[in-house]
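Coordinate analysis (summary)
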Amino acid sequence: MGGGIFVCCVAAVLLALYLTSRGGAAPAPPPPAVAAPSSPAPTPQPAAGLPTAAAPARLKSSEASEPAQAAPDMNQLLRELRRAADEIGEPAAAKAGAERFAGAVATLGRWWPRAEVGQRSAMIEAVVEAVYRSSAQETVRAAVLAALTPSATLARGTAGSVSADGLSRALLGAGVMARLSRERDLPPAVADWLSAEYARLVGPDRPGGLLAFDAGAMHALRLAPLRIVGDGTAEATEAQAALTVWFDAAAALIGSGANAARMLDAAVLDALELLMAEGPSVKASKASYNVIGALAGRLRWRAGDDSRLRLLSWFADPKVSTEALSVVTGAIVTRSSAEGVDLSMVLQAGATGEQRAALRESYALAWQLSAAGGDRGAAQAWLTAARELLGQASASGSSHEALVQAARFARLNEGAVNRKRQQTEAVARAVQQQTYGMILIPINPVTGGPQSPAGDGAWALKFLSGERASAGRRDRIRELEGFGGNIGPVDAEVLAEVAMATLAPEVRVDAQRAAARFSGSPAMVHAALKMLPRAARLQSTVQMIENLSGRPVGPATSDRWQIEARRALVEKLIELLAGQNGAYQSIDRLAAQFAETYAAMAGREPSPGGYTDDQAGQAARDMAEAYWLVLRSEAGRLAASPRAPVRLDDIDRRREARFAVAGGLLQQFAVEQVGCAELLGYIIAAESPTRATQAADVLTSMHEQRRKAGTILDQLLIVERSMTRLWMVRFGESEP
């Protein structure tokens, strides 16, 4: 009896120890298909055993026998830094101050993530003050700068790995150097040190503009995952300790705001993607295997999280290795609480492309998602509509058709924003509006009324089939002048060709006079606009356009005469279309649609009663600015990607430069619109560095097409179409 009790007790103890080693969880399913390269160790431990944002940084393996040190008093450390700065400013105490400063910075380098935001900011300002005060004595300045120079580097392509302590100090150094880069009065020796050391620390693609400590440290943090695992030779225990520091620093830099959890998840996802796409193989590097597993285990993979959509995109990304995906899916199945997953959803290490695609579909079905994001049905409807519209010709036959198409793309872009926000009903509504809402918009508003009893085209047929001699043609033109009323598009196009391209001077002059007579006809202005690329470079042509548009163009000898002529005709056409009733009110309706669309993307409530014709243009411009500000704020919260197609400070400068030459609401709207496209490309690169090249290609194509566009309305279409393409890139979908 006693022996039986003893056996039962031993069994109970062993069971308790086993459950404790598993974090209190039930026995886990088998590990993922990829085994750790150097031992048969199981999949990294569940979340209970992972480093957390609040956990203290572990020491390197070589220091494991040393007792753990308690975090210093941060207020005392701040006082020490300020005292050091004061002493450095006194010649007699400068040397002692430099030594005090070096000791304080060494402590700060290890423990800065533990400081509160206000404490950290005050300590960094004390460091900046010490740098300035050290400039008077060369030896003191050298000691101060040496204390701020981390021995490690986080730049891409660096051999070896970084230790936990080295990483913490490197992140501090990157933040301090970013803060110092704002200073315009640094002594030359300090400026030279800053330029050289900052480049050594983070590489040549460091973020530009006026930076703060947090921005510089966050940029370095994005580079750190590759340095944590090194080139495949890093020790697994050292990589794990460095990863703990990485989590500490990420949590400290992101803070505890409303979006902190989402931003921390985004940082983890970026680190995962970087390691899977560019890091050493998990088959050869145990450090890579463990770090990828730990990062994947840090995420919750719950409904509404960005992690689910990123996983689907990784399945379709050839840069992401199958072996790395095997580790990630293993962590999802064995260590997360994600619903709908089971052991069959661990990707096998040797899976084929078809098997990857099949498992991707299994995750999409289990989570009711599409690779394009959001609810599966709504996302698929958006994807179908986007591919259909993108598959159509990018150039339209008229400026008005271009504006209609631009409005359709804008509605799709609104749907993409709503899908990113996971607002299913709003996605479906935007898709429906881009198709059916345009039925109310006339497709060709430049028809004009018939100017003869026979209707539009009768004069053109008579002119083209009549006498070829100049006298007969001049008679036909004089007949046209006497018809009265309006002119139709067919007759207008023939008249414009004669007026702007015929070789017979007398016929051309008569046609130019007749065309100017119809300056109030949208059909005539539109015909001249279409004919402009083939127009003869003559002063009489310029004079006709000035008479037709009521705007100065300049001499025909100018290299810009066609640009100015196009601008004058477009402005006149818009004025005519917006100022007439019936079909010509479509411009105002389209402007109102742009205002509603951009208001929705900016998260603004639309005008309760809609926008009147007088309000539409101003509202469209204002809502485009509101959406730009939303994107700019989102971009500002992200760490700069070295692969970003446009730097954030360059986007700001370009916007200011464009506004300096923009005239009128239409051009101002275009400035905000193209700025939104550039910000979207920047955000894509920051969120997913492996898609930076695709985003850059879309923006490059957009700018080239805008330069070649015939009218500003064509430019609006090009930019809206490009933004839809960018959303396709962001959602990991292919174009038609």
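Cut-offs used in this document
- Residues numbered from 1 in each chain as written.
- Predicted model: local features only at pLDDT ≥ 70, side-chain atom pairs only at ≥ 80, totals over all residues.
- Heavy atoms only, no water.
- Helix = DSSP H or I, 4+ residues; strand = E, 2+ residues; numbered from the N terminus.
- Buried < 20%, exposed > 50% of the residue type's maximum accessible area, 1.4 Å probe, protein only.
- Contact = heavy atoms within 4.5 Å.
- Areas by Shrake-Rupley, 256 points an atom, 1.4 Å probe, with all protein chains shown as cover.
- Core = buried A, V, L, I, M, F, W, Y, C linked by side-chain atoms within 4.5 Å.
- Polar contact = N/O pair within 3.5 Å; in protein donor to acceptor, adjacent residues only side chain to side chain.
- Expected span 1.5 Å × (residues − 1).
- Bend = angle between axes of the 7 residues up to and from the residue.
- Axes fitted to C-alpha atoms, helices over the stretch in contact; angles between N-to-C directions.
- Parallel < 35°, antiparallel > 145°, perpendicular 65-115°, else oblique.
- Left-handed = near helix turned anticlockwise from the far one by under 90°.
- Nonpolar A, V, L, I, M, F, W, Y, C, P; charged D, E, K, R; others polar.
- pLDDT = per-residue confidence, 0-100.
- Salt bridge = Lys/Arg side-chain N within 4 Å of Asp/Glu carboxyl O.
- Phe/Tyr/Trp six-rings, centres within 6.5 Å; stacked < 30°, edge-to-face > 60°.
- Lys NZ or Arg CZ within 6 Å of the ring centre and 35° of its normal.

1. As for the overall build of the chain
Helix and strand content of the chain: 30 helices and zero strands. Here the chain holds 736 residues, and 51% of them are scored as buried. Considering only intrachain contacts with a sequence separation of at least 6, the fraction spanning at least 24 residues in the chain is 75%. Only carbon and sulfur atoms are counted for the fraction: they give 54% of the accessible area of the chain, which is about 30700 Å².

2. Re the nonpolar core
Core analysis: the largest hydrophobic core is formed by 116 residues, its most contacted members being W246 and Y363. Among the elements that make up this core, the one with the highest residue count is helix α9 (residues 236–254) (twelve residues). Those residues within four positions of W246 in sequence are excluded, and the remaining contacts are L167, L221, A224, P225, I228, A267, V268, A271 and L295.

3. What about the side chain of S168?
Inspection of the secondary structure puts S168 in helix α6 (residues 164–180). You can call S168 buried: its relative accessible area is 3%. Engagement of the side chain of S168 in a polar contact is seen with the backbone oxygen of G109, the distance being 2.5 Å.

4. Some remarks on helix α8 (residues 213–229)
Along its 17 residues, α8 runs 25 Å from first to last C-alpha, staying within 8% of the 24 Å computed at 1.5 Å per residue. If you look at α8, its biggest bend is around 40°, right at L223, and the proline P225 turns up within four residues after that. The element α8 is largely enclosed, with a buried count of 15 among its 17 residues. G230 sits one or two residues past α8 and shows a positive phi near 65°.

5. With respect to helix α23 (residues 539–549)
Those residues of α23 not exposed but buried are T541, V542, M544, I545, E546, L548 and S549. Positive phi shows up at G550, right after α23, with a value of about 75°.

6. Brief notes about the packing of helix α10 (residues 260–278) against helix α12 (residues 306–315)
Relative orientation and spacing of two packed helices are given, respectively, by the angle between their axes and the distance between those axes. Where α10 contacts α12, the axes come no closer than 10 Å and their chain directions differ by 15°. Relative to α12, α10 is oriented roughly parallel. The crossing of α10 and α12 is right-handed. The residues of α12 that touch α10, namely those facing R262, L269, D270, L272, E273 and M276, are D306, S307, R310 and W314. In terms of residue class, the contact of α10 with α12 is made up of four nonpolar, one polar and five charged.

7. Some words on the confidence of the model for the chain
Summing up the model confidence of the chain, the mean pLDDT is 80 and the portion of residues at 70 or higher is 80%. Note on residues 1–32: pLDDT is under 50 here. Beyond four places in sequence and across chains, it has 19 contacts. Taken together, the stretch residues 436–453 has pLDDT below 50 and engages in 59 contacts with residues farther than four places along the chain or on a different chain.

8. What about the pattern of salt bridges?
Inspection of every chain in the model, using the stated rule, returns 41 salt bridges. Residues R653 and D650 are paired through a salt bridge, measuring 2.3 Å at the closest nitrogen-oxygen approach. Linking R653 with D650, this pair stays in helix α27 (residues 648–661), spanning three residues, or about one helical turn. Judged by its relative accessible area of 24%, D650 is partly exposed. Members of the salt-bridge network, linked through shared partners, are R474, D475, R478, D510 and R513.

9. Side note on the packing of aromatic side chains
All chains considered together, the criterion is met by ten aromatic pairs. With centroids separated by 5.9 Å and ring planes inclined at 85°, the aromatic side chains of W382 and F731 adopt a geometry described as edge-to-face. Here W382 is found in helix α15 (residues 376–390), whereas its partner F731 is found in the segment after α30 (712–730), with 349 residues between them in sequence. Aromatic ring contacts, followed pair by pair, group F594, Y598, Y627 and F669 into a single cluster. The ring of W382 carries the charged tip of R419 above its face, separated from the ring centre by 3.8 Å. Sitting over the face of the ring of W628, R655 holds its NZ or CZ atom 3.8 Å from the ring centroid.

10. A word on the packing of helix α21 (residues 505–517) against α23
Packing of α21 against α23 brings their axes to within 9 Å, and their N-to-C directions diverge by 15°. When the axes of α21 and α23 are compared, the pair comes out roughly parallel. Note that α21 runs across α23; the crossing there is right-handed. Across the interface between the two elements, R508, Q512, A515 and A516 from α21 touch S540, T541, M544, N547 and L548 from α23. Residue composition of the contact of α21 with α23, by class: four nonpolar, four polar and one charged.

11. What about the environment of T384?
Residue placement: T384 occurs in helix α15. The spatial distance from the C-alpha of T384 to the C-alpha of V431 is 9.6 Å, given a sequence separation of 47 residues.

12. Thoughts on the environment of Y627
Relative to the assigned elements, Y627 resides in helix α26 (residues 613–636). Exposure remark for Y627: the relative accessible area of 2% places this residue in the buried category. On a C-alpha basis, the gap between Y627 and A599 in space is 7.2 Å, while along the polypeptide they are 28 residues apart. When neighbours within four sequence positions are excluded, Y627 is seen to be in contact with V417, Y598, M601, A602, C676 and W727.

13. With respect to unusual backbone geometry
Not every positive phi belongs to a glycine, and W301 is a case in point at roughly 60°. Tracing the backbone shows W301 in the loop between α11 (286–298) and α12. Among the residues examined, W301 registers a relative accessible area of 0% and is labelled buried.

14. Some thoughts on the environment of A640
Along the chain, A640 turns up in the loop between α26 and α27. The buried category is assigned to A640, whose relative accessible area is 16%. Taking C-alpha positions, A640 is 8.3 Å from M218, a pair spaced 422 residues apart along the chain.

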